[in-house]
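So the chains spell out like this:
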Amino acid sequence: MSTSAPRRATFRFMVGHPAHWIALGFGSGLSPKAPGTVGTLWAWLSFLVLDQWLTSAQWGWLLLGGFFVGWWACTLTARHLRTGDPGAIVWDEVIAFWAVLWLALPMGLTGQLVAFALFRFFDAAKPGPVGWADGLFKSHDQRPPGWAQGFGILIDDVVAAFCTVLVIALWRRFTM
């Protein structure tokens, strides 16, 4: 990381650049407690609202574009916060949980709660492939966060989303 001390994400910091708005999940990452969980809850709510107007194909394009815009936003925000993977950056949770819901819906509230819990488990505990993906792009030197670290912020959540969808698919296969 940089030789300067890490910065703290604040509302003032967030409004200072459009990338910060995106990376901080439009403010959900500013939560003082469990910002990743709050970001995932924001993703869930925003998905349910947007899903009223977006087709499946439009969701696919939004997820693809959101991944690449998020890569830029997460990289820049991490660099500005002078930290490799700041907890306040939650765009990774947002884009990954949107993907989970896009692939797993339709399902009722109970199924959505299960999807939420599974995703949070995989994202927080980082078992197996999620932990492997999380360690791939970590910076082990004193350089500021770059594009690889920005990609790394996103990729472990993408793997967590894949694991979540896999468990849901297996559950559906063997219980229905």
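Small disclaimer: the values here were computed from a predicted structure and weren't measured.

Q: What's the story with the overall build of the protein in this structure? I'm lost.
A: Helix and strand content of the protein: eight helices and zero strands. A globule of 176 residues ought to have a C-alpha radius of gyration of about 16 Å, and the protein, at 16 Å, matches this closely. Sorting the 176 residues of the protein into buried and exposed places 44% on the buried side. Looking at the protein alone, contacts between residues at least 24 apart form 76% of all its contacts between residues at least 6 apart. As displayed, the protein offers around 9,100 Å² of accessible surface, 70% of which is attributable to carbon and sulfur atoms. Of the side-chain charges in the protein, 12 are positive and 9 negative, and the distance between the mean point of each set is 6 Å.

Q: Would you take a moment to explain helix α4 (residues 56-81) for this structure?
A: Working note: α-helix, 3.6 residues per turn, so residues spaced by three or four point in the same direction. Helix length check: α4 (26 residues) gives 35 Å between terminal C-alpha atoms against 38 Å at 1.5 Å per residue, within 8%. Every buried residue belonging to α4 is among Trp59, Leu63, Gly66, Phe67, Gly70, Ala73, Cys74, Thr75, Leu76, Thr77, Ala78 and Leu81, and all of these are buried. For α4, the elements touching its buried residues are α1 (11-14), α2 (18-23), α3 (35-50), α5 (91-104) and α8 (147-175). Immediately downstream of α4, the backbone of Arg82 shows phi near 60°, a positive value.

Q: Would you mind going over a nonpolar patch on the surface with me for this structure?
A: Together, Phe11, Val15, Trp21 and Phe26 make up a nonpolar patch on the protein surface, roughly 380 Å² of accessible area in all. Structurally, Phe11 is set in helix α1.

Q: Can you walk me through the side chain of Arg120 in this structure?
A: Residue position: Arg120 is located in helix α6 (residues 109-125). Of the polar contacts made by the side chain of Arg120, one reaches the side chain of Thr37; its length is 3.2 Å. Not counting residues within four places of it along the chain, the set of residues in contact with Arg120 comprises Gly36, Thr37, Thr40, Glu93 and Ala125.

What counts, and at which threshold
Residues numbered from 1 in each chain as written. Predicted model: local features only at pLDDT ≥ 70, side-chain atom pairs only at ≥ 80, totals over all residues. Heavy atoms only, no water. Helix = DSSP H or I, 4+ residues; strand = E, 2+ residues; numbered from the N terminus. Rg over C-alpha atoms; globule rule 2.2 N^0.38 Å. Buried < 20%, exposed > 50% of the residue type's maximum accessible area, 1.4 Å probe, protein only. Contact = heavy atoms within 4.5 Å. Areas by Shrake-Rupley, 256 points an atom, 1.4 Å probe, with all protein chains shown as cover. Lys, Arg positive; Asp, Glu negative; His and termini not counted. Charge placed at Lys NZ, Arg CZ, Asp CG, Glu CD. Expected span 1.5 Å × (residues − 1). Patch = residues over 30% accessible without salt bridge, like charges linked within 9 Å, V, L, I, M, F, W, Y side chains within 5 Å. Salt bridge = Lys/Arg side-chain N within 4 Å of Asp/Glu carboxyl O. Polar contact = N/O pair within 3.5 Å; in protein donor to acceptor, adjacent residues only side chain to side chain.

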